[in-house]
Amino acid sequence: MNYWLMKSEPDTFGINDLCNRPNQTEHWDGVRNYQARNMMRDDMKLGDQVFFYHSNCEEPGIVGIMEIAKEGYPDFSAFFPTDTHFDPKSDPEHPRWIMVDVKYVRTLSREIPLKELKGYEQLAELPLVRRGNRLSIMPVSKEQWDFILSLEAQRPD
DNA sequence: GCCAACGTTGGC
DNA sequence: GCCAACGTTGGC
């Protein structure tokens, strides 16, 4: 089993939006970055666990857990000119972009803010806390995953 | 294949 | 809203 972290802007699609979807499942469309696409296409497997991260908001941080409910398939939002994620270089015959489906697992008992995550030596290698990182999807090691979850029950300093 | 210009991400 | 960091584009 692999572990991941995926970013979304809560104003656009937050963890409560996922929780309220039918079957608490939604397709993760709109990723337009090759590195992130390749991970969804090649490495994400059914049942993999994923941290839901709120980005570009008042308090960026990890807010919950979801799991991969469907492995990579063409991101159809690229096909429609009226869609904000439209890409004329992608079509159903030759899809350029890939998405997965995610299913809500649970909301953390407290949000773990980015500024707290940055303070732990155990997470120094996590791309999220590294300077200038812009990846919206990244792998999380088992060690990092367990460590972050152990923070949930703790009060921050 | 280089690299300047440009657009986007995302923390602050 | 600002802007640093980064990815992509396209002229040469």
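Here, the structure is the one placed above.
Keep in mind that this is a model prediction, so the values were computed, not measured.

Participant: Would you take a moment to explain the protein's contact with DNA strand B for this structure?
Facilitator: In the neighbourhood of DNA strand B, the contacting residues comprise K7, Y53, S55, N56, P60, L114, K118, R134 and L135. Take the atoms of DNA strand B that sit within 4 Å of the protein: sugar and phosphate atoms are 73% of them. In the model, a phosphate oxygen of DNA strand B is placed 3.1 Å from a nitrogen or oxygen of the K7 side chain. Residue R134 places a main-chain N or O atom 3.0 Å away from a phosphate oxygen belonging to DNA strand B. Class assignment for the residues of the surface near DNA strand B results in 4 nonpolar, 2 polar and 3 charged.

Participant: What is the right way to read the pattern of salt bridges from this model?
Facilitator: Oppositely charged side chains are able to pair whenever their charged atoms sit close together. According to the stated counting rule, one finds 8 salt bridges in the structure shown. The closest approach of N and O atoms between R21 and E26, which form a salt bridge, is 2.4 Å. Exposure remark for R21: the relative accessible area of 32% places this residue in the partly exposed category. When the shortest N-O distance is used, the salt bridge between D146 and K142 registers 2.8 Å. Note that D146 and K142 are positioned in helix α5 (residues 142-152) at a spacing of 4 residues, about one turn of the helix.

Conventions used here
Residues numbered from 1 in each chain as written. Chains lettered and ligands numbered in written order. Predicted model: local features only at pLDDT ≥ 70, side-chain atom pairs only at ≥ 80, totals over all residues. Heavy atoms only, no water. Near = heavy atom within 4 Å. Polar contact = N/O pair within 3.5 Å; in protein donor to acceptor, adjacent residues only side chain to side chain. Nonpolar A, V, L, I, M, F, W, Y, C, P; charged D, E, K, R; others polar. Salt bridge = Lys/Arg side-chain N within 4 Å of Asp/Glu carboxyl O. Buried < 20%, exposed > 50% of the residue type's maximum accessible area, 1.4 Å probe, protein only. Helix = DSSP H or I, 4+ residues; strand = E, 2+ residues; numbered from the N terminus.

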